[in-house]
Amino acid sequence: GLPEDAPQIDGVLGLETEGGHGWLAIRVDFEDLYAMSGVLWYNNDEMVAFPSVRVGTGYDSGPDAITTCIPMAQAVNGDSDGWSECLFTEPVAASL
């Protein structure tokens, strides 16, 4: 289960696809010697599979091109109306 201090839902975000593709970039700031081992998100439809979860470099101006991002997971499903978790096989850390 989730810890008692799990994030609260503060809004809703839906993705629209264009030409069969939709992307969502989320910035994660790291302190030195820290890494990310996965993602936790609130999902509302377990019937939808996300084609991939990717990581890449971010800049003040925005994320790097999706084609340079590294796939960390494929065909990711979440629970319906609940928190879902996707753990990476290897943690990732900022290199810049």
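Just so it is clear, the model here is predicted, and its values are computed rather than measured.

**Considerations on the overall build of the chain**
Here is step 1: From N to C terminus, the chain includes zero helices and six strands.
Here is step 2: Going residue by residue from the N terminus, the α and β elements of the chain occur as β-β-β-β-β-β.
Here is step 3: Across the 96 residues of the chain, 19% fall into the buried class.
Here is step 4: Of the contacts made within the chain by residues no fewer than 6 positions apart, 68% connect residues no fewer than 24 positions apart.
Here is step 5: For the chain, the computed accessible surface area is about 7900 Å², with 52% contributed by carbon and sulfur atoms.

**Considerations on the pattern of salt bridges**
Here is step 1: One pass over the structure, following the stated rule, counts one salt bridge.
Here is step 2: Ionic pairing is found between Arg27 and Asp29, a salt bridge with its closest N-O pair at 2.9 Å. Asp29 shares its class with Arg27; the two are exposed.

**Concerning the environment of Met47**
Here is step 1: Mapped onto the secondary structure, Met47 falls in the loop between β1 (36–43) and β2 (49–55).
Here is step 2: Separated by 31 residues in sequence, Met47 and Gly78 place their C-alpha atoms 8.2 Å apart.

**A closer look at the nonpolar core**
The nonpolar side chains of soluble globular proteins are, as a tendency, buried together.
Here is step 1: One finds Met36, Trp41, Val53, Val55, Met72, Ala73, Val76, Cys86, Phe88 and Val92 forming the largest nonpolar core, which totals ten residues.
Here is step 2: Of all the secondary-structure elements, those providing two or more residues to this core are β1, β2, β5 (70–77) and β6 (82–92).
Here is step 3: Once residues within four sequence positions are removed from consideration, Val53 is found in contact with Ile70, Pro71, Met72, Ala73, Val76, Cys86 and Phe88.

**Re the side chain of Ser84**
Here is step 1: Within the fold, Ser84 resides in strand β6.
Here is step 2: Here Asp79 takes part through its backbone nitrogen, which lies 2.7 Å from a polar atom of the side chain of Ser84.
Here is step 3: When near neighbours in sequence (up to four residues on either side) are disregarded, Ser84 contacts Val39, Leu40, Trp41, Asn43, Gly78 and Asp79.

**Looking at the side chain of Asn43**
Here is step 1: Of note, Asn43 is situated in strand β1.
Here is step 2: Taking the relative accessible area as the measure of exposure, Asn43 reaches 5% and is therefore buried.
Here is step 3: Within the local environment of Asn43, its side chain forms a polar contact with the backbone oxygen of Asp45, the two atoms lying 3.2 Å apart.
Here is step 4: Asn43 has contacts with Phe50, Gly78, Asp79, Ser80, Asp81, Gly82 and Ser84, leaving out every residue within four places of it along the chain.

**Focus on a negative patch on the surface**
Here is step 1: Residues Asp45, Glu46, Asp79 and Asp81 make up a contiguous surface patch of negative charge.
Here is step 2: In this fold, Glu46 is placed in the loop between β1 and β2.
Here is step 3: Note on Glu46: relative accessible area 41%, which makes it partly exposed.

Thresholds applied
Counting restarts for each chain: residues are numbered from 1 in the order of the written sequence. Only residues with pLDDT of 70 or above have their local features reported here, since the model is predicted, and side-chain atom pairs are shown and tallied only from 80 upward, although totals for entire chains, interfaces and linings are computed over all residues. Just so you know, side-chain values use all the structure's heavy atoms and leave hydrogens and water out. Here a strand is any run of E in DSSP of at least two residues, a helix any run of H or I of at least four, and the numbering for each starts at the N terminus. Exposure categories follow from relative accessible area, calculated using a 1.4 Å probe and restricted to protein chains: below 20% of the type maximum is buried, above 50% is exposed, and the middle band is partly exposed. Residues count as neighbours in contact if any of their non-hydrogen atoms are within 4.5 Å of one another. Computed by Shrake-Rupley with a 1.4 Å probe, the accessible areas treat only the displayed protein chains as cover when residues are assessed. Whenever Lys or Arg places a side-chain nitrogen within 4 Å of a carboxyl oxygen from Asp or Glu, that contact is recorded as a salt bridge. The definition of a nonpolar core used throughout is a set of buried Ala, Val, Leu, Ile, Met, Phe, Trp, Tyr and Cys residues joined through side-chain atoms within 4.5 Å. Identification of polar contacts relies on pairs of N or O atoms within 3.5 Å, with a donor-acceptor requirement for protein atoms, meaning one able to donate a hydrogen and the other able to accept it, and with residues adjacent in sequence counted only if both atoms are side-chain atoms. Excluding any residue in a salt bridge, patches collect residues exceeding 30% relative accessible area, merging like charges within 9 Å and nonpolar Val, Leu, Ile, Met, Phe, Trp and Tyr side chains within 5 Å. Two residue types count as positive, namely Lys and Arg, and two as negative, namely Asp and Glu; His and chain ends fall outside the count. Every charge is mapped to an atom, namely NZ of Lys, CZ of Arg, CG of Asp or CD of Glu.

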